[in-house]
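Chain by chain, the residues:
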Protein chains: 2
Amino acid sequence: MVKVLQYGVGSIGSKITKALASKPWIEIVGAVDSDEAKIGKDLGVVAGLGKKIDVKICGSLNEALKYVKADVVLHTTSSWLSVVEPQILEIVENRLSVISTCEELAYPWRKNPETAKRIDETARKNGVVVLGTGVNPGFVLDTMILTLTSVCISIDRIEAWRIVDASKRRLPLQRKIGSGMSLEEFKSAVQKGRMGHIGLRESFDMIADSLGWKFDHVEENLEPVIASTPIETEFFKIKPGQVTGVSQNVRGTIGNVEKLKLNLQMYLNAENPRDTVKIEGVPSLEFEVKNGIPGDDATVAIVINMIPRVLNAEPGLRTMKDLKLPFAWLRAF
Amino acid sequence: MVKVLQYGVGSIGSKITKALASKPWIEIVGAVDSDEAKIGKDLGVVAGLGKKIDVKICGSLNEALKYVKADVVLHTTSSWLSVVEPQILEIVENRLSVISTCEELAYPWRKNPETAKRIDETARKNGVVVLGTGVNPGFVLDTMILTLTSVCISIDRIEAWRIVDASKRRLPLQRKIGSGMSLEEFKSAVQKGRMGHIGLRESFDMIADSLGWKFDHVEENLEPVIASTPIETEFFKIKPGQVTGVSQNVRGTIGNVEKLKLNLQMYLNAENPRDTVKIEGVPSLEFEVKNGIPGDDATVAIVINMIPRVLNAEPGLRTMKDLKLPFAWLRAF
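Residues numbered from 1 in each chain as written. Chains lettered and ligands numbered in written order. Predicted model: local features only at pLDDT ≥ 70, side-chain atom pairs only at ≥ 80, totals over all residues. Heavy atoms only, no water.

**Quick notes on helix α1 (residues 11-21) of chain A**
Stated precisely, the cut-off is as follows: Remark: exposure states derive from per-residue accessible area (1.4 Å probe, protein chains only) relative to the maximum for the residue type, with buried under 20%, exposed over 50%, and partly exposed in between. In DSSP terms, a helix is any run of H or I states spanning at least four residues, a strand is any run of E spanning at least two, and both are numbered starting from the N terminus. Two residues form a contact once any of their heavy atoms are found within 4.5 Å.
Where α1 of chain A is concerned, the buried positions are Ile 12, Gly 13, Ser 14, Ile 16, Thr 17, Ala 19 and Leu 20 of chain A. Buried residues belonging to α1 of chain A abut β1 (2-7), β2 (26-32), α2 (43-46), β4 (72-75) and α10 (295-305) of chain A.

**Looking at the sheet that holds strand β14 (residues 285-290) of chain B**
The following threshold applies: Two strands pair under a simple rule: DSSP has to find at least two bridges between them. Here the axes come from fitting lines to C-alpha atoms, over the contacting stretch only for helices, and the angles between their N-to-C directions go from 0 to 180 degrees.
One open sheet accounts for twelve strands, arranged β8(A)-β11(A)-β12(A)-β7(A)-β13(A)-β14(A)-β14(B)-β13(B)-β7(B)-β12(B)-β11(B)-β8(B); its pairing is mixed. Looking along the sheet, the strands with just one partner apiece sit at the ends: β8 (217-226) of chain A together with β8 (217-226) of chain B. Within the sheet, the average angular offset between the axes of one strand and its neighbour, ignoring direction, is 10°. Sheet topology note: the strand β11 (residues 243-254) of chain A/strand β12 (residues 257-267) of chain A ladder contains ten bridges and is antiparallel. Within the sheet, the bridge partner assigned to Thr 253 of chain A lies in β12 of chain A and is Glu 258 of chain A. Running over the sheet, helix α8 (residues 183-191) of chain B touches β8 and β11 (243-254) of chain B and is turned about 150° from β8 of chain B.

**As for the domain arrangement of chain A**
Residue and element names in this part refer to chain A. Operational definition: An automatic or database domain assignment provides the domain bounds reported here. Accessible area, probed at 1.4 Å, shrinks when two parts are joined; the buried area is that loss added up over both.
Each domain of chain A was delimited in the assignment, giving domain 1 (2-134 + 297-322) and domain 2 (143-292). Domain 1 and domain 2 are separated by 26 Å when their C-alpha centres are compared. Residue-level contacts link 16 residues of domain 1 with 13 residues of domain 2. In total, about 1400 Å² of surface goes out of reach between domain 1 and domain 2, with carbon and sulfur atoms giving 62% of it. Interface area lost by domain 1 to domain 2 is led by Trp 80, Glu 103 and Tyr 107, which between them contribute 40%.

Shown next, in the form of structure tokens:
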């Protein structure tokens, strides 16, 4: 049995808790959340399991670790490395390995090299492993693409799309893609940063470093998708002219040739949602996941499925490309 | 620079040699083949590089190793473990890691457990790594499927198809799928064994063991595909009623429920060639490679791309699921 501590009991943390409860090889031993409304309550009740599971949500890791021993922490608090760094360091200094859904942690070596180095060194010193993963970054636009390249002798260019119909996703996701904003509100939110999907650059950097591509120029952009007809979701009523979501690109060129382009579209009622990878090379390949990989379930799955890989990896900050082949862990550990 | 010795200079061995010659991080240092017509000749000439590369083809590994030191052997001689076992053991006893396209070596732990154990023990004793890989087994119907399962919380059933248009493939492949045979010749060839694609059971076993599925019943079958109209390839003229190829299945059931089905169709002028994976679970996924992954190029690629993974792995007989995430090795080593 692997003893798991759930750090962060928001939407994804709750979904992870439900999935953990279905795994015979896992014992949930503790939970941490900063929300006063959740502290002191039973994790099973807060996560929506419909029953108590004898795990009290604590307000801090220190408090949780007074009562229990854990093998690994599943961490789901924020997309931002600046927010999660002290949390990750505290986990690691308690000699616990951690798998986090923090998007900026999926491949921090390029965009946040100093933070990456601090986390890596602390993890090594304490003999534990840190991994950032999730559906994306973590799988669709990095791990999945890299795996597919393993049957290529040479590669001229890679282009990949993830087109997500956000109308069935969680409120925080619908909100962060700008649903219901006016064009002006959207532009102002973009300027303040923290708009749209986090992690596209991390996926791009993981592919670039793996393939050894050093770009002369990298361009990132983020555009709104505008409603042409009224749209209604569980959470929003959108009028024509309002924002329904985002289209984001990262492009890298060598000389004047575009070598790598990742495009992520997340908007309400997206047509023909899918994940597509096109590799031009020897051989050229075209892959598609019909309807795309469902985000929340996939994130929950990969976080849990990576536990055995993380527990057997060499200490340090690892990324998906550094660990053994990922697959669904349905058997005993 | 990684020093590579090419063992087997047939069709795939020659294609690998050409690809190796294009890789700046690789030095081809030696070659072995049993064909008297090739022994003593320059590898570059025999492999179709159109020039000498100062590597003489030797009749035995012993002879080749008199003159050169190698870091890894790429081995492409036979699909059958009984044929390659002494070759693999000789390589390993010379303290060389080896990547082989031998289909039965891709996952020998179930069908050939004693041979697997002998190879594993000898590799460990000599501190080297043995890997069997290729497009299939090695990627399409095992590694690729497993990677996709990493975003699944639970899986009820997996079904996958690889449909290959054999009319563009090599003569040995067109021959081994029975092209041009009468139905009687095909049936008699099947009874003698050694007919059709080798390795489907190995792919099946790799998935089953990875997911921890213990089947109550496993069924394998091999059916001919019959021409309804005349077909002409570079090598064959097929009349209606003659065999154009094979359709092979492996199915595993638990209780009366079919959990895993792999289907491989290889026949001349196959319609809509493709690789398709359907996973029923949470979430359900459907994945397709348009036109399918081209066999020969992909085999050449994955054999070379796995070199860095093999050179950094723990000694022993390894399979694709035991090594770090595979991807195209386009950078320096």
